[in-house]
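Overview (structure and organization)
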Amino acid sequence: MTAISTPSPVVCATDFSDNAKKAGTVAAALARRMGAPLVLVHAVNLGPSLLVPVAERRTALRVEQVQLQEEVRRLQTGEVAITTVLLEEGWAAEALLGYVGRIAPRCVVLSARRMSALDRWATGSVSDQIAQHAMCPTIVVRDASPFVRWVDGKAPLKIFVALDFGCCTNAVLRWVDEIRQVGPCELTVCHVNWRPEEREFVAAKGVGLNAENTPAEQQSLERDLRKKLRDALGTDEAKIVVKPTWGAPESELIDAAEAGGADLMVVGTHQRHGLAWLWHGSVSRALVHHATMNVACVPTSATIDPKRVHVPQFRRVLVATDLSTAGNGAIPLACAAVPPGGVVEVLHVVSPIEAARAARTAREQLKHALEELAPAEAARLGIRIEANVLAHRSPANAIVAEAERFGADLICIAAQGSGGWPRAFLGSVAKAVMEGSRRPVLVAHPPGS
């Protein structure tokens, strides 16, 4: 007999307030469109049982069980199976996180309002703690009407996606793709660059303290965003917004979302703990507190159906060679990685001393020689070859920086060589590129190695 799997539920955490009822309305609408059961959860928030007299606890449980059933009757339409859970022990946030961790729901929906006076401690509100630490996506609701219109097919949901190219990016976009399966959406994807933690990386690219991106930087970042969209959603049809700032990014994100009339802002949570959380802060936490629209927080650990993952494409490949036989052997592999119409940049890095000695005509001749290294078949396939010669003390840093400027979908480099970069050194170059770049790196080994 084949076992019938039960779909993961949508969980709504409620404190029975008016704001919490908005969250319940959104949760019921999502569950209906997703074909998922709905679980209404209330945490009593009385703390450990030893701290509360038995009679007082029994009275609180009786009253709140009645309120749970009233909320069920309000939301019940016959299309969604609704169950209730009353968490009797512990503080609200801790109890809710424990429950969510045990059942692994499809998402958690709750209101933005603080749920008790105790939640005004430095740790933040219950909704804040759930959004930051739950191992599944959390939707913090301020306005239910956009979700209701969307689920009823009356209007698309305007989703504003905040991306930082960090570890949460893929999880965020895949969850957005899941939401797109529920109903039509209008996407805006925004990246705020030059954040404080990126200054060292920006300095490595030689960017000055300018208030705006250069046209090349802007184009590269926009191209990266579209690449991420194609890989995660199978399409790059979205409004792309790149905003530079040297300050905190959350105000820029909120301004951009408000300007676009967003119904829902989606952001990743890095889920830092302890001193790391206090030191680095949290953009997602600031957005939950200050955004005027609904906010969804997606953790890196969010589970995604692997069958829905789109196959990525490499359309721009950077291949670095030291002009050795092994280094040049990576070029055909780079051409194999791009489809017809793709672009391959062949890069050679020389030392500053060599660059100073070489005449301009010599560098142009070297670029032409690099172009000639491409297989003749590349032209027949419509693959465009670009050659570039850079002067830098560190080949690895030059490759990583050029990959950013070029907007490479993939970096290709030989594992070892015997030309301009010493054979023993080239292996360390490949290793340094893999460690220093946030882009995929393909290491080409010579035949027979």
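Residues numbered from 1 in each chain as written. Predicted model: local features only at pLDDT ≥ 70, side-chain atom pairs only at ≥ 80, totals over all residues. Heavy atoms only, no water.

Here we look at the environment of A403
Threshold: Starting at the N terminus, helices and strands are each numbered in turn, a helix being any DSSP run of H or I of at least four residues and a strand any DSSP run of E of at least two. Here, two residues are considered to be in contact whenever any of their heavy atoms come within 4.5 Å of each other.
Within the secondary structure, A403 sits in helix α17 (residues 395–406). A403 sits 183 residues away from S220 along the chain, and the two C-alpha atoms are 9.7 Å apart. The residues touching A403, leaving out its near neighbours within four places in the chain, are L318, A408, I411 and R439.

Observations concerning the nonpolar core
For the record, the criterion: Residues belong to one nonpolar core when they are buried, are Ala, Val, Leu, Ile, Met, Phe, Trp, Tyr or Cys, and are joined through side-chain atoms within 4.5 Å. Between buried and exposed lies partly exposed: a residue is buried under 20% and exposed over 50% of the maximum accessible area for its type, with that area taken using a 1.4 Å probe on protein chains only.
V10, L38, V109, I139 and V266 are the most contacted members of the largest nonpolar core, which totals 57 residues. In terms of residue count, helix α1 (residues 18–34) provides more of this core than any other element does, eight residues in total. Among residues more than four places away in sequence, those in contact with I139 are L30, V108, V109, L110, F147, W175, L264, V295 and A296.

Thoughts on the sheet that holds strand β8 (residues 239–244)
Threshold: Two strands are counted as paired when DSSP detects at least two bridges linking them. To define axes, lines are fitted to C-alpha atoms, for helices over the stretch in contact only, and angles between the resulting N-to-C directions are given on a 0 to 180 degree scale.
Taking strand neighbours across the sheet as the criterion, the 10 strands line up as β3-β2-β1-β4-β5-β10-β9-β6-β7-β8 in an open arrangement whose pairing is mixed. Edge positions in the sheet fall to β3 (82–87) and β8, since each of these pairs with one other strand and no more. For this sheet the average axis-to-axis angle between neighbouring strands, irrespective of direction, equals 20 degrees. Across three bridges, the pairing between strand β1 (residues 10–13) and strand β4 (residues 107–111) is parallel. Looking across to β4, one finds that V11 is bridged to V108. Strands in contact with α1 are β1, β2 (38–43), β4 and β5 (138–141); relative to β4, the strand with the most contacts, it is inclined by about 155 degrees. Of the strands in this sheet, β5, β9 (264–269) and β10 (294–299) are in contact with helix α11 (residues 283–290), which crosses β9 at around 150 degrees.

A short note on the environment of D322
To keep things clear, this is the line we draw: For the purposes of these results, a polar contact is taken to be a pair of N or O atoms within 3.5 Å, where, inside protein, one atom must be able to donate a hydrogen and its partner to accept one; residues adjacent in sequence count only when each atom of the pair is a side-chain atom.
Structurally, D322 is set in the loop between β11 (316–320) and α12 (325–328). Separated by 92 residues in the primary sequence, D322 and A414 have C-alpha atoms spaced 8.9 Å apart. Looking at D322, its side chain comes within polar contact range of the side chain of S324, at 2.6 Å.

Observations concerning the packing of helix α8 (residues 215–233) against α17
Rules: Orientation labels follow simple angle bins: below 35 degrees gives roughly parallel, above 145 gives roughly antiparallel, 65 to 115 gives roughly perpendicular, and whatever is left gives oblique. When residues are sorted by character, Ala, Val, Leu, Ile, Met, Phe, Trp, Tyr, Cys and Pro go into the nonpolar class, Asp, Glu, Lys and Arg into the charged class, and all the rest, Gly among them, into the polar class.
The geometry of α8 relative to α17 is characterised by a closest axis approach of 7 Å and an angle of 80 degrees between their N-to-C directions. Judged by the angle between their axes, α8 and α17 are roughly perpendicular. Taken together, the residues of α17 that come into contact with α8 (itself represented by S220, R223 and D224) are E404, R405 and F406. Class assignment for the residues of the contact of α8 with α17 results in one nonpolar, one polar and four charged.

Some words on the packing of aromatic side chains
Using the following cut-off: Aromatic rings from Phe, Tyr and Trp, taking only the six-membered ring of Trp, are treated as a pair when their centres fall within 6.5 Å; an angle between ring planes under 30 degrees marks them as stacked, one over 60 as edge-to-face, and anything in between as tilted. Any Lys NZ or Arg CZ that is within 6 Å of a ring centre and within 35 degrees of that ring's normal is treated as a charge sitting over the ring.
For the coordinates displayed, the defined rule picks out one aromatic pair. Above the face of the F165 ring, R438 is positioned so that its terminal group lies 4.6 Å from the ring centre.

Quick look at the packing of helix α6 (residues 169–182) against α8
This is how the line gets drawn: Two helices that cross are described as forming a left-handed crossing if the nearer one is turned anticlockwise from the farther one by less than a right angle, and a right-handed crossing if clockwise.
The N-to-C vectors of α6 and α8 enclose an angle of 55 degrees; their axes lie 9 Å apart at closest approach. Looking at the two axes, α6 sits oblique to α8. Taken as a pair, α6 and α8 cross one another with a handedness that is right-handed. On the side of α6, the interface is formed by T169, N170, L173, D177 and R180, while α8 contributes K228, L229, A232 and L233. Grouping the constituent residues of the contact of α6 with α8 by class yields four nonpolar, two polar and three charged.

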